[in-house]
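So the chains spell out like this:
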Amino acid sequence: MEFFFEIHKDLPREGPGDNESTQKAFNFLENLPSNPYILDIGCGPGMQTIQLAKLNDGYIVAIDTHQPFLDELNKRAEIAGVQDKIKTINKSMFKMDFEEGQFDVIWSEGAVYIYGFEKALKDWHIFLKKNGYIVVSEASWLKKNPPAEIRDFWNDAYPDIKLIEENKDRIKKNGYSLISYFILPENSWWENYYTPLEFRINELKEKYQGNEEAEKQLDEELIEIEMFRKHSDYYGYVFYILQKIE
Ligand SMILES: C[S@@+](CC[C@H](N)C(=O)[O-])C[C@H]1O[C@@H](n2cnc3c(N)ncnc32)[C@H](O)[C@@H]1O
């Protein structure tokens, strides 16, 4: 785990995404109060948290279990001048004890998979106000019948990955209407995530040359990047914008 964080520290973000997509998703939310109360789950170093803070006059509670990410978020929020609009809490998404009906919006970019997409739809419902929103980005199949190589990769990494159509059914079944959805552009995998990550991996390969355990972990991360290079037609990150139905 420690080595994982050596690979991942100080990256612009910890998953695919970009400020334009955060803004695009936010713009689908209608009739929010002027100062919405937002929960950002698995916020990481907080690129999307800070963008959200700039997009409205509300207040954001951002939770993550890795304190260095929260420290980085706080630092970035100060630089952006939005520190008074964000509170970071070192808390697991599995141990959320917020009051019922508290949030106008629950946001989670690239982290809902940790909890499980459908389980999150069921369990997070309770924290939303009437007509509240859940906005998540989630790895999804974009096409049926992927090549064996990438199907096996995902079966291993995240067997619960679904087609967009399947996720639409899960959304409907669990008390939400799907306001909209869109696929993250490929560039948002590269610019803020895979390009800096690949650079870091290559640096660490030199540093840890001969250390079998480290080399193995670095190679695994490279395989993930290579899979995207080869098979990005078949899967992507999809933003799902949902509204709670009573
Ligand atoms: C793929 S990263 C996404 C981070 C950020 N949202 C982004 O898009 O850059 C997933 C994040 O979830 C956090 N995480 C992992 N397990 C968690 C848990 N049980 N509760 C809350 N956050 C968790 C990780 O520390 C990491 O910051």
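Counting of residues starts from 1 at the beginning of each chain's written sequence and follows it residue by residue. Residues qualify for local features only when their pLDDT is at least 70, as the model is predicted, and side-chain atom pairs are given and counted only at 80 or more; totals for whole chains, interfaces and linings, by contrast, use all residues. Water and hydrogen atoms were dropped before computing side-chain values, which therefore reflect all heavy atoms in the structure.

**Q** For this particular structure, what's the right way to read the overall build of the chain?
**A** Within the chain, the secondary structure is distributed over 10 helices and eight strands. Its C-alpha atoms give the chain a radius of gyration of 18 Å, within 12% of the compact-globule value 18 Å for 246 residues. Judged by the C-alpha coordinates and their principal axes, the chain covers about 55 × 45 × 30 Å. Across the chain, contacts joining residues at least 24 apart in sequence account for 77% of those joining residues at least 6 apart. Here the open area of atoms and residues is found with the Shrake-Rupley method and a 1.4 Å probe, where only the protein chains shown may cover a residue. Here the chain displays about 12,000 Å² of accessible surface, and carbon together with sulfur accounts for 47% of that area. Asp and Glu count as negative and Lys and Arg as positive, but His and the ends of the chain are not part of the count. Lysine's charge is taken at NZ, arginine's at CZ, aspartate's at CG and glutamate's at CD. Charge separation in the chain, taken as the distance between the mean sites of 29 positive and 44 negative side-chain charges, equals 5 Å. Starting at the N terminus, helices and strands are each numbered in turn, a helix being any DSSP run of H or I of at least four residues and a strand any DSSP run of E of at least two. Atoms counted for the radius of gyration: C-alpha only. Globule rule: 2.2 Å times residue count to the power 0.38. A contact between two residues is defined here by any heavy atoms of the two lying within 4.5 Å.

**Q** How should the site of the ligand be read in this particular structure?
**A** A cutoff of 4 Å decides nearness: a residue is near a molecule or strand if any of its heavy atoms lies inside that distance of it. For the ligand, the set of nearby residues contains 19 residues, the closest of which are R13, E14, D64, M93 and E109. Identification of polar contacts relies on pairs of N or O atoms within 3.5 Å, with a donor-acceptor requirement for protein atoms, meaning one able to donate a hydrogen and the other able to accept it, and with residues adjacent in sequence counted only if both atoms are side-chain atoms. The backbone of G42 places a nitrogen or oxygen atom 2.8 Å from a nitrogen atom of the ligand. M93 places a polar main-chain atom, nitrogen or oxygen, 2.8 Å from a nitrogen atom of the ligand. In the complex, the protein chains occlude 87% of the 600 Å² of accessible area that the ligand would expose alone. Residue polarity follows a fixed list, in which Ala, Val, Leu, Ile, Met, Phe, Trp, Tyr, Cys and Pro are nonpolar, Asp, Glu, Lys and Arg are charged, and the others, Gly among them, are polar. Along the lines of polarity and charge, the residues of the shell around the ligand split into six nonpolar, eight polar and five charged.

**Q** Is there a simple way to think about the packing of aromatic side chains in this case?
**A** Two measures describe an aromatic ring pair: the distance that separates the ring centres and the angle between the ring planes. Centres within 6.5 Å make a pair out of two Phe, Tyr or Trp rings, where for Trp the six-membered ring is used; the pair is then stacked when the planes are under 30 degrees apart, edge-to-face when over 60, and tilted otherwise. Applying the stated rule across the entire model yields 27 aromatic pairs. With centroids separated by 6.4 Å and ring planes inclined at 35°, the aromatic side chains of F28 and F182 adopt a geometry described as tilted. One end of the pair, F28, is in the loop between helix 2 (19-26) and strand 1 (37-41); the other, F182, is in strand 7 (residues 176-183), with 154 residues separating them in the sequence. Measuring from ring centre to ring centre gives 6.1 Å for F98 and F127, while their planes differ by 85°; the resulting arrangement is edge-to-face. Residue F98 is located in the loop between strand 3 (86-90) and strand 4 (103-109), and its partner F127 is located in the loop between helix 6 (117-124) and strand 5 (128-141); the two are separated by 29 residues in the primary sequence. Exposure class is identical for F98 and F127. Each is buried. Distance and angle both matter: a charge sits over a ring if NZ of Lys or CZ of Arg is within 6 Å of the ring centre and within 35 degrees of the ring normal. In this structure, K24 packs its charged tip against the face of F182, placed 4.3 Å from the ring centre. Only protein chains enter the area calculation, which uses a 1.4 Å probe; residues under 20% of their type maximum are buried, those over 50% are exposed, and those in between are partly exposed.

**Q** When you look at the pattern of salt bridges in this model, what are you seeing that I'm missing?
**A** When a carboxyl oxygen of Asp or Glu is within 4 Å of a side-chain nitrogen of Lys or Arg, the pair counts as a salt bridge. Taken as a whole, this structure holds 20 salt bridges when the rule is applied. We note a salt bridge from E118 to K122, for which the minimum N-O separation is 3.9 Å. Here E118 pairs with K122, and both are found in helix 6, just four residues apart, close to one helical turn. Among the ionic pairs, E198 bridges to R229, the shortest N-O distance being 2.9 Å. With a gap of 31 residues between them, E198 in helix 9 (residues 187-207) and R229 in helix 10 (residues 212-231) connect regions that are remote in the sequence. E198 sits in the buried class, given a relative accessible area of 18%.

**Q** So what exactly am I meant to see when it comes to the pairing of strand 8 (residues 235-244) here?
**A** Looking along a regular strand, one sees the side chains alternate between the two faces of the sheet. The element strand 8 is largely enclosed, with a buried count of 10 among its 10 residues. At least two bridges found by DSSP between two strands is the condition for calling them paired. As paired strands, strand 7 and strand 8 are joined by seven bridges and run antiparallel to one another. Of the residues in strand 8, the one forming a bridge with S177 is Q243.

**Q** Whenever I open this one, helix 6 confuses me. Can you help?
**A** Count 3.6 residues to each turn of an α-helix, and residues three or four apart come out pointing the same way. Along helix 6, the residues that are buried comprise F117, E118, A120, L121 and W124. All buried residues of helix 6 lie within an arc of 160° about the axis, which places them on one face of the element. Our arc is simply the arc of the directions from the helix axis toward the C-beta atoms.

**Q** What exactly am I supposed to notice about the environment of N167 here?
**A** In this fold, N167 is placed in helix 8 (residues 164-173). A relative accessible area of 0% places N167 in the buried class. Taking the C-alpha atoms as reference points, N167 and D71, 96 residues apart in sequence, are found 34 Å from one another. Engagement of the side chain of N167 in a polar contact is seen with the side chain of R170, the distance being 2.9 Å. One polar contact links N167 to Y240, side chain to side chain, over a distance of 2.9 Å.

**Q** What is the right way to look at the packing of helix 9 against helix 10 in this model?
**A** When two helices pack together, their arrangement is given by the angle between their axes and by how far apart the axes lie. Interhelical geometry of helix 9 versus helix 10 gives an angle of 145° and a closest axis separation of 10 Å. Considering the relative orientation of helix 9 and helix 10, their crossing is left-handed. In this structure, helix 9 contributes W189, W190, Y193, Y194, L197, E198, I201, L204 and K205 to the contact, and helix 10 contributes L218, D219, E221, L222, E224, I225, F228 and R229. In the contact of helix 9 with helix 10, the residues fall into 11 nonpolar, no polar and six charged. Geometry is summarised by axes, namely lines fitted to C-alpha atoms with helices restricted to the contacting stretch, and by angles between N-to-C directions that run from 0 to 180 degrees. Rotating anticlockwise by less than a right angle from the far helix to the near helix defines a left-handed crossing, while the corresponding clockwise rotation defines a right-handed one.

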